[in-house]
Amino acid sequence: MRIAASAIALLLSLAAWQPKETVVNAAPSSSLPKVELGTGRVGPREIEGLTRNKILHDYASAWQTLATGLEQNRPDILNDYFTGPANKEFTTVIAEQTATGIHREYVDHGHKLVVIFYSPDGGVMQLWDKAEYEVRIFDGSRLIHSERTAIRFLVLMTPAADRWMVRLLQDVPIA
Amino acid sequence: MRSLFTLLLCSAFLGTARGEAALELHAPRTVHAGDAIAITSSGTGSGTFYLIGPGHVAKRPFRAGDTIQIASNELQSAGTYQAMACQEKECATATFYVAPSRGADLIFLVHPSRVPVAETKAISAVVVVLDRFQNLAVPPENVVFRATRKAMAVSSPTQETVNGVAWTRLNSGPNDGMVEISASVSQLSERRVVQQVAADPCNLRASAVKRDDRIVLQTDPVRDCRGNPVRDGTIVTFTKVDRLGRSTVDAPIKSGVARTEMGFGGPATVSVACGVVVGSDIRIGGAQ
């Protein structure tokens, strides 16, 4: 009887076990959105600890910048963390929001990043971001839409002089 | 109580019969970037229509029951869009996804721009495939990397992009000179030029000629082990040790050789070095 109970307990504990992505770092500042970086399969270049910390900080800062930009309709601040197509896209959106009297507020509930590609020369990094946030869309002061959502983003980041910049931020349906 | 309930039921029925249908929007679930779509609406009255997307925001009046046309230039950014129709007291929402279209543009990153000859996996080439609206072309695309030098070309096996990205590492060739690295996706092609330069010098030799109170030092033509001339401007260091001590002169290679003059104050030993390569010593004056 005791052996049978032990076997059942063992089976239950095995069933409960799931392969987890180890979270090795998190963006430290409390004012920034919570960003975690999992240890997925990375290649072909290894990510050094300093790079890992920088990515966490800069990606969190990019989201903070984007949220502020879309809430206050300030395209000027995008240049801090966005470049290339992402910068162009969000600058256009903010200009159109300003013209139509629309703004968006984000309540960020966190980002789970997984690096899927880091180029051999260290010039490009591609990541998945599983983001959770609440977005409220206003026309003037009227709230016209509010939802809490989980979205998966494909992110392309490239290094600049002293930080990593978001070059592409594209949401992809969760399969 | 029963009569009140009957009254409420009747008024609800009459409202529906008069055509006061709830405000609704119906959009296709998925479209491709750059496609125009039509969103159907139901209900009565007029209001404001909003289109909120990752790269576009629009606002315009609408009449419930009409079909709302969304032009192709409003759906260029890939991502999730919200179509919303709002009247005084209520809003209806339809969510749809704009998928990237086929690859139409390449970001091609090749590193480094200058590489020593005959090095394994020395050149990194990364291609990012974008559609014509600069969205990441996520569906797999076939990529061929090619290295071309003069009349000779070497192609990599065809590989598929993963999440819009493909990469490879190439060996540098045996001879110095320009090599063109290209990436091709369907009819698209991007190329970059990499300069292959001689590797470290091989068998570094120098000679010394005494002229009055000077020594003229000159290397033989400096080449790597495959016979490629080491590029001009590369620094060769001459070091002389005599009774007065040690003195050093750095001389750049010019037309394949490095040349300098040093003072002669008695028997001396001169050594020559270039990078990590050291040549044999030369003894001048005194017992040879």
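Keep in mind that this is a model prediction, so the values were computed, not measured.

Per the secondary structure count, chain A includes three helices and six strands. The linear arrangement of helices and strands in chain A, starting from the amino end, is α-β-β-α-α-β-β-β-β. Out of the 175 residues in chain A, the part that is buried amounts to 31%. Considering only contacts in chain A between residues 6 or more positions apart, those separated by 24 or more positions represent 54%.

Residue and element names in this part refer to chain B. Here five strands make up an open sheet; going across it, the order is β2-β8-β7-β4-β5 and the pairing mixed. On the outer flanks of this sheet lie β2 (30-32) and β5 (57-63), each paired with one strand and no other. Neighbouring strand axes in the sheet, compared pairwise and without regard to direction, differ in orientation by 25° on average. The pairing of β2 with strand β8 (residues 91-99) spans three bridges and is classified as parallel. Bridged to T30 within β8 is Y97.

Time to look at the sheet that holds strand β19 (residues 214-219) of chain B. Strands in a sheet are paired, the pairing made by backbone hydrogen bonds, and the direction either parallel or antiparallel. Residues and elements named next belong to chain B. Read from one edge of the open sheet, three strands run β18-β19-β22, paired in antiparallel fashion. Edge positions in the sheet fall to β18 (206-211) and β22 (259-263), since each has one partner strand and no second. Taking the axes of each pair of neighbouring strands and ignoring which way they run, one obtains an average angle of 25° across the sheet. Bridge analysis of β19 against β22 gives five bridges, and the strand direction is antiparallel. Bridging across to β22, V216 finds its partner in E261.

Moving on, we come to helix α3 (residues 84-100) of chain A. End to end, α3(A) covers 25 Å across 17 residues, agreeing with the expected 24 Å (1.5 Å per residue, within 8%). When we look at burial in α3(A), the residues that qualify are P85(A), A86(A), E89(A), F90(A), V93(A), I94(A) and Q97(A). Here the buried residues of α3(A) occupy an arc of 160° about the axis, which is enough to place them on one side. Residues of α3(A) that are buried make contact with α2 (49-72), β3 (102-118) and β6 (164-172) of chain A together with β5 of chain B. With its phi angle positive at about 75°, G101(A) sits one or two positions after the end of α3(A).

Turning our attention to the confidence of the model for chain A. When pLDDT is averaged across chain A, the result is 86; 81% of the residues are at 70 or more. Long-range and interchain partners of residues 7-22 of chain A, a stretch whose pLDDT sits below 50, account for six contacts in this model, where long-range means more than four residues apart.

Residues and elements named next belong to chain A. In contact at an axis separation of 9 Å, α2 and α3 are set at 25° when each is read in the N-to-C sense. For the element pair α2 / α3, the angle class is roughly parallel. Contacts between α2 and α3 involve L66, G69 and L70 on the former and, on the latter, F90, I94 and Q97. Tallied by class, the residues present in the contact of α2 with α3 amount to four nonpolar, two polar and no charged.

To continue, consider the pairing of strand β16 (residues 177-185) of chain B. All names here are of chain B. Two elements, strand β12 (residues 142-149) and β16, share five bridges in a ladder whose sense is antiparallel. Bridging across to β16, A147 finds its partner in I181. Sheet analysis places β16 next to strand β17 (residues 188-197), joined by nine bridges and oriented antiparallel. Counted as the bridge partner of A183 is E190 from β17. The hairpin formed by β16 and β17 contains two residues between the paired strands, and S186 there has a positive phi angle of roughly 50°.

This part takes up α2(A). Its 24 residues place the ends of α2(A) 35 Å apart at the C-alpha level, agreeing with the 34 Å of an ideal helix rising 1.5 Å per residue. Residues of α2(A) that are buried include every one of I55(A), L56(A), D58(A), Y59(A), A60(A), S61(A), A62(A), W63(A), Q64(A), L66(A), G69(A) and L70(A), and no others.

To continue, consider the interface of chain A and chain B. Accessible area lost during the coming together of the parts is what is often quoted as the interface size. The partner chain B presents 31 residues to the 26 residues of chain A that form the contact. Of all the secondary-structure elements, those providing two or more residues to the side of chain A that touches chain B are α3, β3, β4 (125-139), β5 (142-159) and β6 of chain A. Top contributing element to the side of chain A that touches chain B by residue count: α3(A), with seven residues. Residue classes in the side of chain A that touches chain B are distributed as 14 nonpolar, eight polar and four charged.

Take the nonpolar core next. The biggest cluster of nonpolar side chains holds 87 residues, and the ones touching the most others in it are V155(A), M157(A), V166(A), A125(B) and V127(B). The element that contributes the greatest number of residues to this core is α2(A), accounting for eight residues. Formed jointly, this core draws a minimum of three residues from each of two domains, domain 1 (2-99) and domain 2 (103-197) of chain B. Not counting chain neighbours up to four residues away, the residues in contact with M157(A) comprise I55(A), M125(A), L127(A), W164(A), M165(A), V166(A) and R167(A).

The rules behind the values
Residues numbered from 1 in each chain as written. Chains lettered and ligands numbered in written order. Predicted model: local features only at pLDDT ≥ 70, side-chain atom pairs only at ≥ 80, totals over all residues. Helix = DSSP H or I, 4+ residues; strand = E, 2+ residues; numbered from the N terminus. Buried ≥ 20, exposed ≤ 12 C-beta atoms within 10 Å, placed from the backbone. Contact = placed C-beta atoms within 7 Å. Pairing = 2+ DSSP bridges. Axes fitted to C-alpha atoms, helices over the stretch in contact; angles between N-to-C directions. Expected span 1.5 Å × (residues − 1). Arc of directions from axis to C-beta. pLDDT = per-residue confidence, 0-100. Parallel < 35°, antiparallel > 145°, perpendicular 65-115°, else oblique. Nonpolar A, V, L, I, M, F, W, Y, C, P; charged D, E, K, R; others polar. Core = buried A, V, L, I, M, F, W, Y, C linked by C-beta atoms within 7 Å. Domains from an automatic or database assignment.

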